[in-house]
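Okay, here's what each chain looks like letter by letter:
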Amino acid sequence: MDAKKIVLLAGALIIAIATAFMARSMFGNSGAPQATAANMQPDLSGPQVLVATRALPVGTIIEPDSFRFQPWPKELVEQVYYLKGETDPASLAGSVVRNAITAGQPATQGALVKPGDRGFLAAALGPGMRAVTVPVSMQSSVAGFVFPGDRVDLVLTQQVAGGGDGQPLKVSETIVQNMRVLATDQRTDAIGEDGKPKVVAYSNVTLEVTPKIAEKIAVAQTVGSLSLSLRSIADNASELESAIARGDVTVPEGDDPAAEKTMLLTVANRPTASGSSFATGADVSRFQRRSVPGKVQDGVSSADGPVVRVARGAAVSIVPVGSK
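Each value, and the rule that gives it
- Residues numbered from 1 in each chain as written.
- Predicted model: local features only at pLDDT ≥ 70, side-chain atom pairs only at ≥ 80, totals over all residues.
- Heavy atoms only, no water.
- Helix = DSSP H or I, 4+ residues; strand = E, 2+ residues; numbered from the N terminus.
- Buried < 20%, exposed > 50% of the residue type's maximum accessible area, 1.4 Å probe, protein only.
- Contact = heavy atoms within 4.5 Å.
- Areas by Shrake-Rupley, 256 points an atom, 1.4 Å probe, with all protein chains shown as cover.
- Salt bridge = Lys/Arg side-chain N within 4 Å of Asp/Glu carboxyl O.
- Patch = residues over 30% accessible without salt bridge, like charges linked within 9 Å, V, L, I, M, F, W, Y side chains within 5 Å.
- Expected span 1.5 Å × (residues − 1).
- Arc of directions from axis to C-beta.
- Core = buried A, V, L, I, M, F, W, Y, C linked by side-chain atoms within 4.5 Å.
- Pairing = 2+ DSSP bridges.

On to the overall build of the chain, then. The helix and strand inventory of the chain stands at five helices and 14 strands. The buried share among the 324 residues of the chain stands at 29%. Taking the intrachain contacts of the chain between residues at least 6 apart in sequence as the baseline, contacts between residues at least 24 apart amount to 66%. Surface summary for the chain: the accessible area is close to 20,400 Å², and the carbon and sulfur share equals 57%.

As structure tokens, this is what we get:
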């Protein structure tokens with residue numbers, strides 16, 4: 001074998017050895033971060049603070065699943081945080097968010113207002129909203145199954161006097177829809193000592209409404225009896241279509257998820273007094289009337305066909321057309 005071939009073989013051997021060392025070094029370095037990542041486990045022995053599981057805007061009524069404990073760096077723990085071992089999350093149920101809390105943000109003691117604290121009800125109200133109290137009975141309050149945070153409709157039942165036979169018209173009408181229940185009697189939550197919802201009888205319900213609807217409810221209490229109708233949590237889609245048709249909300253232009261979410265929240269959280277439905281006695285029984293009959297004057301009913309009003313001085317009489 002000549003010297004040239006020996007030199008080529010030696011060079012190839014040196015290159016192979018160098019390549020092997022480089023490959024070993026590369027695989028060794030790639031394994032190091034994996035070992036480091038495996039060792040970087042959260043320190044569960046450190047402090048754990050109460051953080052929001054979802055975004056909680058101002059006025060939100062706290063539920064048992066609104067918060068959870070999460071490990072937090074010890075050097076970043078503040079005195080206003082709720083710490084595990086010192087706070088029971090169930091005790092915060094029924095509180096109201098006074099300052100907005102984003103998802104994953106620690107809850108502070110100043111951001112929540114507990115029932116009985118000063119300013120609790122004002123913090124529970126949305127911007128521009130009012131709180132009104134409506135008297136109800138066990139039968140008219142869905143047997144006590146209406147809890148704070150639920151959505152209800154308000155139904156007015158009355159008897160409309162008038163007519164020639166003296167019998168009133170019986171009618172029931174949904175006057176306000178989609179109102180949020182703030183409290184029942186003086187309770188702002190329905191959680192018992194065992195942490196479970198507790199059904200109790202109550203005589204008053206506090207509702208969140210607009211100023212105009214508050215005026216309507218005040219008048220409705222003098223007109224007839226009021227009862228509550230519990231709404232389903234799946235009514236938002238149909239309510240959105242109705243609100244768009246009435247022009248209560250404006251459909252955003254383009255494809256902006258944030259604008260669509262804002263529109264949905266506006267519909268879901270806003271009570272309305274338009275598009276109400278009603279039922280009369282005739283809708284229930286064939287022996288009841290659908291409208292108030294005309295009053296009888298001079299022995300003639302004003303509802304019997306076309307009439308002519310005849311004035312003789314200060315006296316006005318109604319004469320049917322075609323009669324003598």
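Moving on to the pattern of salt bridges. Enumeration over the complete set of coordinates arrives at six salt bridges. Note that arginine 54 and glutamate 63 form a salt bridge whose closest N and O atoms lie 3.7 Å from each other. Note that aspartate 65 and arginine 54 form a salt bridge whose closest N and O atoms lie 3.9 Å from each other. Of this pair, aspartate 65 sits in the loop between strand 1 (48–52) and strand 2 (67–71) while arginine 54 sits in the loop between strand 1 and strand 2, placing them 11 residues apart in sequence. Classification of aspartate 65 as partly exposed rests on a relative accessible area of 47%. Shared partners join several salt bridges into a network, and the residues in it are Arg54, Glu63 and Asp65.

A cluster of nonpolar residues, Leu13, Ile17 and Phe21, forms a patch on the protein surface that exposes about 320 Å² of accessible area. In this structure isoleucine 17 comes out as partly exposed when scored by relative accessible area, which is 42%.

Let's shift gears to the environment of leucine 112. Take leucine 112: it is sitting in strand 4 (residues 112–113). For the pair formed by leucine 112 and glycine 59, sequence separation is 53 residues and the distance between their alpha carbons is 9.6 Å. Residue contacts for leucine 112: discarding those within four places in its chain leaves Ile62, Phe67, Tyr82, Leu92, Val96, Val97, Arg98 and Ile101.

Moving on, we come to the side chain of threonine 184. Of note, threonine 184 is situated in strand 7 (residues 169–184). Leave out the neighbours within four places in its chain, and threonine 184 touches Val146, Pro148, Tyr202 and Asn204.

The end-to-end C-alpha distance of helix 3 (residues 211–223) is 19 Å, a good match for the 18 Å that 13 residues give at a rise of 1.5 Å each. Those residues of helix 3 lying buried are Ile213, Ala214, Ile217 and Ala220. For helix 3, the angular spread of buried residues about the axis comes to 120°, placing them on one side. Structural note: helix 3 exposes Lys212 and Thr222 on the side pointing more than 90 degrees away from its buried face. Next to the buried residues of helix 3 lie strand 5 (130–135), strand 6 (151–160), strand 7, strand 8 (204–209) and strand 9 (225–230).

Our next topic: the nonpolar core. One finds Leu154, Met179, Leu207, Val209 and Ile217 to be the most contacted residues of the largest nonpolar core, which totals 21 residues. Each residue touching leucine 207, except ones within four places of it in the same chain, is listed here: Arg130, Ala131, Val132, Val134, Val152, Met179, Arg180, Val181 and Leu182. Ranked by size, the runner-up nonpolar core spans 12 residues in total, among them Leu56, Phe67, Ile101 and Ala107.

So, on to the environment of serine 274. On the secondary structure map, serine 274 appears in the loop between helix 5 (257–268) and strand 10 (278–280). Spatially, the C-alpha atom of serine 274 lies 8.3 Å from that of glutamine 177, the residues being 97 residues apart in sequence.

In terms of burial, strand 8 is a largely internal element, five of the six residues being buried. Relative to strand 8, strand 5 is paired through six bridges, and the arrangement is antiparallel. Note on strand 8: the bridge partner recorded for valine 134 is valine 205. As defined by bridge partners, strand 7 adjoins strand 8 across four bridges and the pair is classed as antiparallel. Within strand 8, the residue paired with threonine 184 across the bridge is valine 205.

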